[in-house]
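Listed below, chain by chain, are the residues.
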Amino acid sequence: MPDEESFERTVATLFLFGVWAAVVLGPMFVIRAEPAPDWLVIGTTSIVWLVIGRMWGLEVDRVVNAVTNIRVSTDGGQTRPRDDEHDDS
C-alpha cells in the first residue's frame, strides 16, 4: 500500500507533467495555435524535470554513479587463467 508521501509525489508529478505537456506539446495538437517562445519551452522543461527529478531522487550524481559502476564481463563472473598462463610441467 503506498504511503501518503508517494501519493502526494505522484499527484504533483502528474500535475507538473500536465503543465509541461500543455506548454510544450499542446500547440502541436491544437489547430492554429502559436508555438510557445523558446525561452518558455526551455525554462518550463528545465524547471519541471528538475523538480520531478528531485522528488523521485533522480539526481545527476546518482545516475553517473550507476552508469560508471557497470562492469562488463564475458566470462559470467568467473575468472579463469588464460591459455598462455598454464604451466604444463
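The structure reproduced in this document is the subject of the present report.

Calculation rules
Residues numbered from 1 in each chain as written. Predicted model: local features only at pLDDT ≥ 70, side-chain atom pairs only at ≥ 80, totals over all residues. Heavy atoms only, no water. Helix = DSSP H or I, 4+ residues; strand = E, 2+ residues; numbered from the N terminus. Areas by Shrake-Rupley, 256 points an atom, 1.4 Å probe, with all protein chains shown as cover. Phe/Tyr/Trp six-rings, centres within 6.5 Å; stacked < 30°, edge-to-face > 60°. Buried < 20%, exposed > 50% of the residue type's maximum accessible area, 1.4 Å probe, protein only. Polar contact = N/O pair within 3.5 Å; in protein donor to acceptor, adjacent residues only side chain to side chain. Contact = heavy atoms within 4.5 Å. Core = buried A, V, L, I, M, F, W, Y, C linked by side-chain atoms within 4.5 Å.

## A look at the overall build of the chain
Working step 1: Along the chain, the regular secondary structure elements total 3 helices and 0 strands.
Working step 2: In sequence order, the secondary structure elements of the chain are arranged as α-α-α.
Working step 3: On the chain, roughly 8000 Å² of surface is accessible, and the fraction owed to carbon and sulfur atoms is 62%.

## Quick notes on the packing of aromatic side chains
Working step 1: For the structure shown, the criterion picks out 3 aromatic pairs.
Working step 2: Ring geometry for phenylalanine 17 versus tryptophan 20: centroids 5.5 Å apart, planes at 35°, classification tilted. Note that phenylalanine 17 and tryptophan 20 are positioned in helix H1 (residues 4-29) at a spacing of 3 residues, about one turn of the helix.
Working step 3: A relative accessible area of 37% places phenylalanine 17 in the partly exposed class.
Working step 4: On the basis of relative accessibility, which here comes to 12%, the residue tryptophan 20 falls in the buried class.
Working step 5: Relative to tryptophan 49, the ring of tryptophan 20 has its centre 5.5 Å away and its plane inclined at 70°; by these criteria the two rings are edge-to-face. Here tryptophan 20 is found in helix H1, whereas its partner tryptophan 49 is found in helix H2 (residues 38-56), with 29 residues between them in sequence.
Working step 6: What links up through ring pairs into an aromatic cluster is the set Phe17, Trp20 and Trp49.

## Overview of the side chain of threonine 44
Working step 1: Its location among the elements puts threonine 44 in helix H2.
Working step 2: A polar contact of 2.6 Å, which involves the side chain of threonine 44, links it to the backbone oxygen of leucine 40.
Working step 3: Residues contacting threonine 44, with those up to four places away along its chain left out, are Trp20 and Val23.

## As for the nonpolar core
Working step 1: By size, the foremost hydrophobic cluster in this structure holds 5 residues: Leu16, Trp20, Ala21, Val48 and Ile52.
Working step 2: Contributions of two or more residues to this core are made by H1 and H2.
Working step 3: Each residue touching tryptophan 20, except ones within four places of it in the same chain, is listed here: Leu25, Thr44, Thr45, Val48 and Trp49.

## Things to note about the side chain of threonine 13
Working step 1: Secondary-structure assignment places threonine 13 in helix H1.
Working step 2: When neighbours within four sequence positions are excluded, threonine 13 is seen to be in contact with Ile52, Met55 and Trp56.

Keep in mind these numbers describe shape, not what the thing actually does.
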